[in-house]
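Residue-level listing of the chains:
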There are 2 protein chains.
Amino acid sequence: MSSRIDANAAAARLRGAQNILILTHRRPDGDTIGSAAALCRGLRQIGKRAFVFPNEDLTPRLGFLLEGLLAASGFVPGLICAVDIADVSLLTDSAKGFARRVDLCLDHHPSNVGYARELALEEHAAAAGEVVWAVLRALGAALDLPMWEALYIAVSTDTGCFKFSNTTPLAHRIAAGAIEAGVDFHRHNHAFFEAKSKNRFLIEKTMFDKMIFSADGRIACSWLDRPWLDSIGADDDDLDNLSTLTMALEGVDCGIILTQNKKDPAYKISIRTHEPADASRICQSFGGGGHPRAAGCTLSGPPEAAAKRLMEAAAAELALC
Amino acid sequence: MSSRIDANAAAARLRGAQNILILTHRRPDGDTIGSAAALCRGLRQIGKRAFVFPNEDLTPRLGFLLEGLLAASGFVPGLICAVDIADVSLLTDSAKGFARRVDLCLDHHPSNVGYARELALEEHAAAAGEVVWAVLRALGAALDLPMWEALYIAVSTDTGCFKFSNTTPLAHRIAAGAIEAGVDFHRHNHAFFEAKSKNRFLIEKTMFDKMIFSADGRIACSWLDRPWLDSIGADDDDLDNLSTLTMALEGVDCGIILTQNKKDPAYKISIRTHEPADASRICQSFGGGGHPRAAGCTLSGPPEAAAKRLMEAAAAELALC
């Protein structure tokens, strides 16, 4: 189990270290990459050697944040810091070797299993970016434009552009600072929250075409099979946050999306709920976890059978509410 | 022409007045109603008699903000204050009589024509709510939950939930204060930015299912037939702004939606374009008109033939760009 520390103590650990390696989670999102980029730049600013470990799942939409920050293969870390990673199972394949060697974790997931030696966990933060922001302040780093840009992407993407219920006052204040610093936030908002690629369009259309509902209309469920996703050349960006779309549907309190994995035939499950239904409780019964409003797990196919099991578990959760 | 004053001077005017009447604009949005509600409550808190003039266009979604604040017909105002109203042409019909008697205007529209005796205009503010926030601070009002709620709705609705390019640091900071004060922001975000009725969901799905694209992918076109719309009981709200959705699609520069009329078999055409394609020029060739980015016309069916003619005209317009 990790020792719990606060942002000041985390900053002290980083200040005492050299050769810092930052890890991000598999299928990386704006929070893990933005947090890693901001932290790495802040550490360099106060005179540290710091790098982000290459993430083989990284897509071009986020890749620009890590330009010039990636560790070369020969880099020998003196301190390993994970950002936004709740469990070692979320490390990328190439980072699995670090699983027992993580010195420090900066996170906001209540489900963090405590794999790191020390853990700075802010359970009520909307994003790990908030924890990184606090650590950067404690380090005395002067936030520059690229750091603000990375922090803006971290907090905006994890809050659905300040729309979700997890949005915090600090997330808004970080956005205010980023706009004041000159971040081209509208370009990012368009890219992350507005623009829809042709594949994304096809995927949403197919998802809604195949969607099934529980008899009372409170549970919506759909799935996407890998052969079809491969046939249109879909990438991970195209699949990002699909389950959130179900939350817009009138009467739906639980949305479940199954997406078949790339390298094995199992399905990655993403569940979203409206209060008070607990998505993490549903996912825990299948060995997964996450947040009350957004959680995930993995199930083997066929998708129709997995969907049935998930909808039954969701119905049981809704019955408790 | 108005005398330009700042928020402190506006607060001084209000502090010196009694019996204050607040005006909102026609087809009211979250900013004009939220601004009026917050200002009215703040004035009452510092001991003023203050009311909001009833707005006959008000819908239930915003109406709750003005509960207990509406002026009765006998109210004789000592000071008339307009919020978020750039021109007297934007007064509701029942408020037209005040057009030459507005003492003070709090606004953020650069296009404000200066009809009020004094004008506190913050041209770079995302919302009039930012000006009201500054006036309330200058008044020394202690913001309570209903005031924060009204201000949150003012700034969030005018920024598309902090997504549009007009979003300011102050808009974010007001949101931070509102969340700290306990505003149920997620409920409002859901109602204003997320919720999709079952009919809207069905209509969007059908629209995208039937959508056809030009060979180069730059033109998207779809249509909705009245018998089907009637069969699901669609109303005008369900059909609002459908063509805007086409503008999110990658590569699409012109979106065309045909919706069959209620009382005749013709189709109402709505066209949206990205710069520099001119939607009004396309519609003019069919006897319609509008703005460069959004225009309309009417065509008789069958829809496939009308779509073909419209797409040919759109292709001709795009060829000019």
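## With respect to the overall build of chain A
Here comes step 1: For chain A, the helix and strand inventory stands at twelve helices and twelve strands.
Here comes step 2: Once the C-alpha set of chain A is aligned to its principal axes, its extents read approximately 60 × 40 × 40 Å.
Here comes step 3: When each of the 321 residues of chain A is scored for burial, the buried share is 59%.
Here comes step 4: Sequence separation of 24 or more characterises 66% of the internal contacts of chain A that already satisfy a separation of 6 or more.
Here comes step 5: With the model as given, the accessible surface of chain A reaches about 12500 Å², and the carbon-plus-sulfur share is 52%.
Here comes step 6: Charged side chains in chain A number 33 positive and 39 negative. The centres of these two groups are separated by 4 Å.

## Some points on the pattern of salt bridges
All names here are of chain B.
Here comes step 1: Applying the stated criterion across every chain, the model contains 29 salt bridges over all chains.
Here comes step 2: Glutamate 118 serves as the salt-bridge partner of arginine 13, at 2.6 Å between the closest nitrogen and oxygen. Here arginine 13 is found in helix 1 (residues 7-15), whereas its partner glutamate 118 is found in strand 6 (residues 118-121), with 105 residues between them in sequence.
Here comes step 3: Here arginine 13 falls in the partly exposed class, since its relative accessible area comes to 34%.
Here comes step 4: Residues glutamate 312 and lysine 308 are paired through a salt bridge, measuring 3.1 Å at the closest nitrogen-oxygen approach.

## A word on the domain arrangement of chain A
Residues and elements named next belong to chain A.
Here comes step 1: Split by domain assignment, chain A resolves into domain 1 (3-193) and domain 2 (198-320).
Here comes step 2: Taking only C-alpha atoms into account, the centre of domain 1 sits 27 Å from that of domain 2.
Here comes step 3: Carbon and sulfur atoms supply 45% of the area buried between domain 1 and domain 2, which totals about 990 Å² over both sides.
Here comes step 4: The largest share of the area that domain 1 buries against domain 2 comes from Arg27, Thr59 and Arg61, three residues that together contribute 49% of it.

## Examining the interface of chain B and chain A
Here comes step 1: Across the contact, 35 residues belong to chain B and 35 residues belong to chain A.
Here comes step 2: Note that Lys205(B) is salt-bridged to Asp209(A), the shortest N-O span being 3.3 Å.
Here comes step 3: Run the count over chain B and chain A and you get 15 residue pairs in polar contact (both at pLDDT 80 or more).
Here comes step 4: Elements with a contribution of two residues or more to the side of chain B that touches chain A: helix 6 (169-181), helix 7 (185-194) and helix 8 (198-209) of chain B.
Here comes step 5: Of the residues forming the side of chain B that touches chain A, the biggest block, eight residues, is contributed by helix 6 of chain B.

## Remarks on unusual backbone geometry
Here comes step 1: In the segment running from Gly301(A) into Pro302(A), the intervening peptide bond is cis, with an omega of 0°.
Here comes step 2: Cis peptide bonds are those with omega within 30 degrees of zero, and the linkage from Glu275(B) to Pro276(B) qualifies with 0°.
Here comes step 3: Secondary-structure assignment places Pro276(B) in the loop between strand 10 (267-273) and helix 11 (279-284).
Here comes step 4: Despite not being glycine, Asp84(A) shows a phi value in the positive range, around 65°.
Here comes step 5: The residue Asp84(A) is located in the loop between strand 4 (79-83) and strand 5 (104-107) in this model.
Here comes step 6: Although it is not a glycine, Arg27(B) sits at a positive phi angle of roughly 40°.
Here comes step 7: Counting through the fold element by element, Arg27(B) comes out in the loop between strand 2 (20-23) and helix 2 (30-45).

## Here's the deal with the confidence of the model for chain A
Here comes step 1: For chain A, mean pLDDT is 96; residues scoring 70 or higher make up 100% of the total.
Here comes step 2: Complex prediction metrics read pTM 0.84 and ipTM 0.84.

## Details of the side chain of Asp103(B)
Residues and elements named next belong to chain B.
Here comes step 1: Position of aspartate 103 among the secondary structure elements: in the loop between strand 4 (79-83) and strand 5 (104-107).
Here comes step 2: At a separation of 2.7 Å, a polar atom in the side chain of aspartate 103 contacts the main-chain amide nitrogen of isoleucine 80.
Here comes step 3: Apart from residues no more than four positions distant in its own chain, aspartate 103 is found in contact with Gly78, Leu79, Ile80, Arg117 and Glu118.

## Focus on helix 2 of chain B
Residue and element names in this part refer to chain B.
Here comes step 1: Given a rise of 1.5 Å per residue, 16 residues ought to cover 22 Å, and the 22 Å separating the end C-alpha atoms of helix 2 matches this to within 8%.
Here comes step 2: Where burial is concerned, most of helix 2 is hidden: 13 out of the 16 residues are buried.
Here comes step 3: At the C-terminal side of helix 2, glycine 47 shows a positive phi close to 100°.

## A closer look at the packing of aromatic side chains
Here comes step 1: Inspection of the entire model under this criterion finds 15 aromatic pairs over all chains.
Here comes step 2: Taking 6.0 Å as the distance between ring centres and 55° as the angle between the ring planes, the aromatic pair formed by Tyr152(A) and Phe162(A) counts as tilted. Residue Tyr152(A) is found in helix 5 (residues 145-158), and its partner Phe162(A) is found in the loop between helix 5 and helix 6 (169-181); the two are separated by ten residues along the sequence. Grouping residues by exposure puts Tyr152(A) and Phe162(A) together as buried.
Here comes step 3: Through a chain of ring-to-ring contacts, the aromatic side chains of Tyr152(A), Phe162(A), Phe185(A), Tyr152(B), Phe162(B) and Phe185(B) assemble into a single cluster.
Here comes step 4: We note Arg44(A) situated over the ring of Phe51(A); from NZ or CZ to the ring centre the distance is 4.9 Å.

## Quick notes on the sheet that holds strand 10 (residues 267-273) of chain A
Residues and elements named next belong to chain A.
Here comes step 1: Pairing is mixed across the open sheet formed by six strands, whose spatial order is 7-8-9-10-12-11. Edge strands, defined here as strands with exactly one partner in the open sheet, are strand 7 (212-213) and strand 11 (289-290).
Here comes step 2: Across two bridges, the pairing between strand 7 and strand 8 (residues 219-224) is antiparallel. Following the sheet pairing, isoleucine 212 is matched in strand 8 by cysteine 221.
Here comes step 3: Contacting strand 8 and strand 9 (254-260), helix 8 (residues 198-209) runs over the sheet at an angle of about 130° to strand 8.

The rules behind the values
- Residues numbered from 1 in each chain as written.
- Chains lettered and ligands numbered in written order.
- Predicted model: local features only at pLDDT ≥ 70, side-chain atom pairs only at ≥ 80, totals over all residues.
- Heavy atoms only, no water.
- Helix = DSSP H or I, 4+ residues; strand = E, 2+ residues; numbered from the N terminus.
- Buried < 20%, exposed > 50% of the residue type's maximum accessible area, 1.4 Å probe, protein only.
- Contact = heavy atoms within 4.5 Å.
- Areas by Shrake-Rupley, 256 points an atom, 1.4 Å probe, with all protein chains shown as cover.
- Lys, Arg positive; Asp, Glu negative; His and termini not counted.
- Charge placed at Lys NZ, Arg CZ, Asp CG, Glu CD.
- Salt bridge = Lys/Arg side-chain N within 4 Å of Asp/Glu carboxyl O.
- Domains from an automatic or database assignment.
- Buried area = accessible area lost by both parts, 1.4 Å probe.
- Polar contact = N/O pair within 3.5 Å; in protein donor to acceptor, adjacent residues only side chain to side chain.
- pLDDT = per-residue confidence, 0-100.
- Expected span 1.5 Å × (residues − 1).
- Phe/Tyr/Trp six-rings, centres within 6.5 Å; stacked < 30°, edge-to-face > 60°.
- Lys NZ or Arg CZ within 6 Å of the ring centre and 35° of its normal.
- Pairing = 2+ DSSP bridges.
- Axes fitted to C-alpha atoms, helices over the stretch in contact; angles between N-to-C directions.

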